[in-house]
Amino acid sequence: MLIVLALVAFLLGAGLTIQAGINASLRTTLGHPVHATVASFAVGLVAVLAFALVTGVGRPPAEAFARTPWWLYVGGIIGAIYVGGSVVLAPKLGAAVLVSLLIAGQLTAALIVDPYGALGFPQAPATPARLAGVALLIVGVILVRRG
């Protein structure tokens, strides 16, 4: 089962690279990064709503929204910043540099939240091996950039 989950995660990562390229091209045709970001989110919203309709997921009860802490909705803002930032950065940095920097940023943040089990992640210590892995990834970013 772990192999299947790892493969899905790998494919999701590949999808982010493809998404950045598509959204950067969308920016070119629509003329502005904000327009590309809005279009990307609008299509994504339609896709998620269609999935919910087809699978019969339905909507959560209204009181669930009322009792949800405000900061749990910040993920949507982060997603918008990610897509908008990728739209701007992809043509300037190229896919390899952009994605390597994104991964380095993700792993650095993971090493900050994991030891505390923050944001719902399972608790995992920042071991010397994990720190070395992130350091090697940062070296990898430099090599990708110089290559």
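Residues numbered from 1 in each chain as written. Predicted model: local features only at pLDDT ≥ 70, side-chain atom pairs only at ≥ 80, totals over all residues. Heavy atoms only, no water.

> So what's going on with the overall build of the chain? Which residues, and what values?
Regarding its fold elements, the chain presents six helices and zero strands. Each helix (α) and strand (β) of the chain, taken in turn from the N terminus, gives the series α-α-α-α-α-α. Based on the C-alpha atoms only, the size of the chain along its principal axes is roughly 45 × 40 × 30 Å. Of all 147 residues assigned to the chain, the portion counted as buried reaches 16%. For the chain, the share of sequence-separated contacts (at least 6 apart) that also reach a separation of at least 24 residues comes to 54%. Roughly 10,500 Å² of accessible area belongs to the chain as shown, and the carbon and sulfur atoms make up 77% of that amount. (Helix = DSSP H or I, 4+ residues; strand = E, 2+ residues; numbered from the N terminus. Buried < 20%, exposed > 50% of the residue type's maximum accessible area, 1.4 Å probe, protein only. Contact = heavy atoms within 4.5 Å. Areas by Shrake-Rupley, 256 points an atom, 1.4 Å probe, with all protein chains shown as cover.)

> Lay out unusual backbone geometry with the relevant residues and their values.
The phi angle at Leu119 is positive, at roughly 60°, despite the residue not being glycine. Overall, the relative accessible area of 60% leaves Leu119 in the exposed class.

> If you had to explain a nonpolar patch on the surface to someone new, which residues and values would you point to?
Taken together, the side chains of Met1, Leu2, Val4, Leu5, Val8 and Leu12 make up a nonpolar region of the molecular surface, amounting to roughly 680 Å² of accessible area. Locating Leu5 in the fold gives a position in helix α1 (residues 2–30). (Patch = residues over 30% accessible without salt bridge, like charges linked within 9 Å, V, L, I, M, F, W, Y side chains within 5 Å. Salt bridge = Lys/Arg side-chain N within 4 Å of Asp/Glu carboxyl O.)

> Hey, could you go over the packing of helix α5 (residues 95–113) against helix α6 (residues 128–146) for me, with residue numbers and the actual values?
Contact geometry for α5 and α6: axes closest at 9 Å, N-to-C directions at 165°. Taken together, α5 and α6 sit at an angle that is classed as roughly antiparallel. The chirality of how α5 crosses α6 is left-handed. Contacts between α5 and α6 involve Ala96, Val97, Ser100, Leu101, Ile103, Ala104, Leu107, Thr108 and Leu111 from the first element and Arg130, Leu131, Val134, Leu137, Ile138, Val141, Val144 and Arg145 from the second. Per-class residue counts for the contact of α5 with α6 are 13 nonpolar, two polar and two charged. (Axes fitted to C-alpha atoms, helices over the stretch in contact; angles between N-to-C directions. Parallel < 35°, antiparallel > 145°, perpendicular 65-115°, else oblique. Left-handed = near helix turned anticlockwise from the far one by under 90°. Nonpolar A, V, L, I, M, F, W, Y, C, P; charged D, E, K, R; others polar.)

> Give a description of the confidence of the model for the chain that names residues and reports values.
Per-residue confidence for the chain gives a mean pLDDT of 94, with 100% of residues at or over 70. Within the chain, no element has a lower average pLDDT than helix α3 (residues 62–67), which sits at 92, and none a higher one than helix α2 (residues 33–55), at 96. (pLDDT = per-residue confidence, 0-100.)

> Lay out the layout of surface pockets with the relevant residues and their values.
By volume, the largest pocket is sized at about 210 Å³. At the level of elements, α5 and α6 are the ones that each hand at least two residues to the lining of the largest pocket. The space that makes up the second largest pocket amounts to roughly 190 Å³. In terms of lining, the second largest pocket is formed by Ala9, Leu12, Gly13, Leu16, Thr17, Tyr82, Val99, Leu102, Ile103 and Gln106. Where the lining of the second largest pocket is concerned, the elements lending two or more residues are α1 and α5. At five residues, α1 tops the list of elements feeding residues into the lining of the second largest pocket. Classifying every residue of the lining of the second largest pocket gives seven nonpolar, three polar and no charged. (1 Å grid on protein atoms, 1.4 Å probe; cavity = no way out; pocket = protein on both sides within 12 Å on 5 of 7 lines; lining within 4 Å. Points joined across faces, edges and corners; volume = space filled by probe spheres on them.)

> Now, about the side chain of Ser40: what can you tell me, with residues and values included?
Within the element layout of this structure, Ser40 appears in helix α2. Once residues lying within four places of it in the same chain are set aside, the contact partners of Ser40 are Gln19, Asn23, Leu26 and Val83.

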